[in-house]
Amino acid sequence: MEYHLEIPIKKDDVKKLRVGDIVYISGNVFTARDSAHQLLLEENGKIPFDPSKMALYHCGPLMKKVNGKWEVVSAGPTTSSRMELFEDSFIEKFNINMIIGKGDMGKNTQKALQKYICVYASYTGGAGALAANNIKEVKDVYYLEELGMAEAVWIFKMEKFGPLIIAMDSHGNSIFKKTTKFDV
Amino acid sequence: MDIKKIEKGIVELIRKAEIELPEDVVTSLKKAYEIEEGIGKIQIKNILENIDIARKTNRPMCQDTGVQTFFVKIGKDFKDPGFLKDSITRAVITATKQIPLRPNTIEPFTHVNYKDNVGDFIPAITWDFTDGDTVEIFAIPKGGGSENMSKLVMLKPGEGIKGVKDFIVKEMISAGGNPCPPTVVGIGIGGGADLAMKLGKQALLRPIGTSHPNKKIADIESFIKKEINKTGIGPMGLGGKTTVLDVHIEKAPRHPASLPVGLVVQCWADRRARMIISNDGSWRID
């Protein structure tokens, strides 16, 4: 099936998505890699944006500043298996319902996807220039000083970002079960 | 010799490597597009579109512009090559701002980002000498996702070439979609631990579609390629026929007690560019 979805995605729509479905999304995403996951999980107070209203994008973009404004140069996904260490707690704490990345994720993420109704969607790794085409606006950046360009939390407004492939759904299915013996 | 002009040339070399894939890689990806179906075909379509957009809009094809890695061969009759290390380093700093490149050098203890893509031992340069009076510089910016799947094993010599094949295929299955397949697999056999890894990386300099000149080794390359492609891991690990574009082996003699095998994985963005500097300081990139 092919879906065109607006973010935030309703839980009922998340439940409809099945492994192998093709999805295009429009709306806000926030980027977070290893360090941002750690930092946000350790944060006890209020954080400066609402992750539950966005999709989580495993991405460390290449950005440039033009006339004082940030522009995206290249922004494909990073290897998601590195975030396996934190992802179940992250989904629980921030009420995430869509994760975008590349490569396999492990058992703990799979369980959390089922428990909290969330999906993991794969975008083509390395397709940074293509992804940049679907980013219509750089809305904000957080923790840039502490974490640097690749690790900072960037908020992007996406338009028809895809094709994303549902690689793990909220029903316990994974596209990688057949193709990979990798287990994090 | 106008060193400033050569430095500008090295910036162009990095730009070419980051923005434009060699023709052999594009051809091989186009072949993959022909044989893939369904989700695998969608992935290769995205990759080919991405290659096109990067070239047309003059931007790095992947946000991970890699660790700046160079293989340099100096002709024995080239005059005064002493400037090369400083020039390559300065060119990396300039390229980081101009192209731009993502700042990818992090101090491992403090996590401070140097922001200019240089630091102790980086750019990573491998030096060698050869005949002639020119300098050849290969730029192969190396991304982190594929590099993370690299591995060294010190096999027992009794495990032999079967041990080598089993190790590589097993590792590539375990890597799955992580290194952005379809990948290029570089294998270094022999030497010591460090040399096996180095040869694995050096093997990536060879164009896709070229085999080792030794027929027996070429057959092993082709066997490993077939075995990995049989796994069905496919483009981005989402399933398909093309998991590797090619397998390249380089070898050195081994110690009687050792059989080191270095596996270096390169993502589909098999970035490679070459620059030749002549004795009069003029240069060209191909």
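Residues numbered from 1 in each chain as written. Chains lettered and ligands numbered in written order. Predicted model: local features only at pLDDT ≥ 70, side-chain atom pairs only at ≥ 80, totals over all residues. Heavy atoms only, no water.

Caption draft 1: Up close: the overall build of chain A. A tally of helices and strands in chain A yields seven helices and nine strands. Its C-alpha radius of gyration of 15 Å places chain A within 12% of the 16 Å reference for a compact globule of 184 residues. Counting only residues that meet the buried cut, chain A has 62% of its 184 residues in that class. Restricting the contact set of chain A to residue pairs at least 6 apart, pairs at least 24 apart contribute 67%. When the accessible area of chain A is evaluated, it comes to approximately 7500 Å², of which 46% is carbon and sulfur surface. (Helix = DSSP H or I, 4+ residues; strand = E, 2+ residues; numbered from the N terminus. Rg over C-alpha atoms; globule rule 2.2 N^0.38 Å. Buried < 20%, exposed > 50% of the residue type's maximum accessible area, 1.4 Å probe, protein only. Contact = heavy atoms within 4.5 Å. Areas by Shrake-Rupley, 256 points an atom, 1.4 Å probe, with all protein chains shown as cover.)

Caption draft 2: Representation of the packing of aromatic side chains in the model. Residue and element names in this part refer to chain A. A full pass over the atoms with the stated rule returns seven aromatic pairs over all chains. With 5.2 Å between their ring centres and 55 degrees between their planes, Phe30 and Phe49 make a pair best called tilted. A residue pair is termed long-range when its members are at least 10 positions apart, and Phe30 in strand S2 (residues 22-31) and Phe49 in the loop between helix H2 (34-42) and strand S3 (55-57) qualify at 19 residues. Relative accessible area serves as the criterion here: at 0%, Phe30 is assigned to the buried category. (Phe/Tyr/Trp six-rings, centres within 6.5 Å; stacked < 30°, edge-to-face > 60°.)

Caption draft 3: Just the state of the cysteines, in detail. One pass over the structure, following the stated rule, counts zero disulfides over all chains. Not part of a disulfide, Cys59 of chain A finds its nearest cysteine sulfur in Cys62 of chain B, a span of 9.3 Å. Cys59 of chain A sits in the buried class, given a relative accessible area of 1%. Of the cysteine sulfurs around Cys267 of chain B, a residue in no disulfide, the closest is that of Cys180 of chain B, at 6.0 Å. Look at Cys267 of chain B and you get buried, because its relative accessible area is 10%. (Disulfide = S-S within 2.5 Å.)

Caption draft 4: Examining the interface of chain A and chain B more closely. Contact with chain A, which involves 41 residues of that partner, is made by 34 residues of chain B. Across the interface of chain A and chain B, roughly 2900 Å² is buried in total on both sides, 60% from carbon and sulfur atoms. Here chain A is connected to chain B by zero salt bridges. Top element by residues in the side of chain A that touches chain B is helix H5 (residues 128-133) of chain A. It accounts for five residues. Residues of the side of chain A that touches chain B, tallied by class, amount to 20 nonpolar, 15 polar and six charged. (Buried area = accessible area lost by both parts, 1.4 Å probe. Salt bridge = Lys/Arg side-chain N within 4 Å of Asp/Glu carboxyl O. Nonpolar A, V, L, I, M, F, W, Y, C, P; charged D, E, K, R; others polar.)

Caption draft 5: Representation of the packing of helix H6 (residues 160-175) of chain B against helix H8 (residues 215-230) of chain B in the model. All names here are of chain B. The contact between H6 and H8 brings their axes to 10 Å, and the two run at 35 degrees. Between H6 and H8 lies a crossing of right-handed hand. In this structure, H6 contributes Ile161, Lys165, Ile168, Val169 and Met172 to the contact, and H8 contributes Ile220, Phe223, Ile224, Glu227 and Ile228. Classifying every residue of the contact of H6 with H8 by side-chain character gives eight nonpolar, no polar and two charged. (Axes fitted to C-alpha atoms, helices over the stretch in contact; angles between N-to-C directions. Left-handed = near helix turned anticlockwise from the far one by under 90°.)

Caption draft 6: Local environment of the environment of His58 of chain A. Residue and element names in this part refer to chain A. Checked against the element boundaries, His58 lands in the loop between S3 and strand S4 (62-66). In this structure the C-alpha to C-alpha distance between His58 and Ser81, which are 23 residues apart in sequence, comes to 10.0 Å. Setting aside its immediate chain neighbours within four residues, His58 contacts Ala32, His37, Gly76, Pro77, Thr78, Ser80, Met83, Glu87, Ile99, Ile100, Gly101 and Met105.

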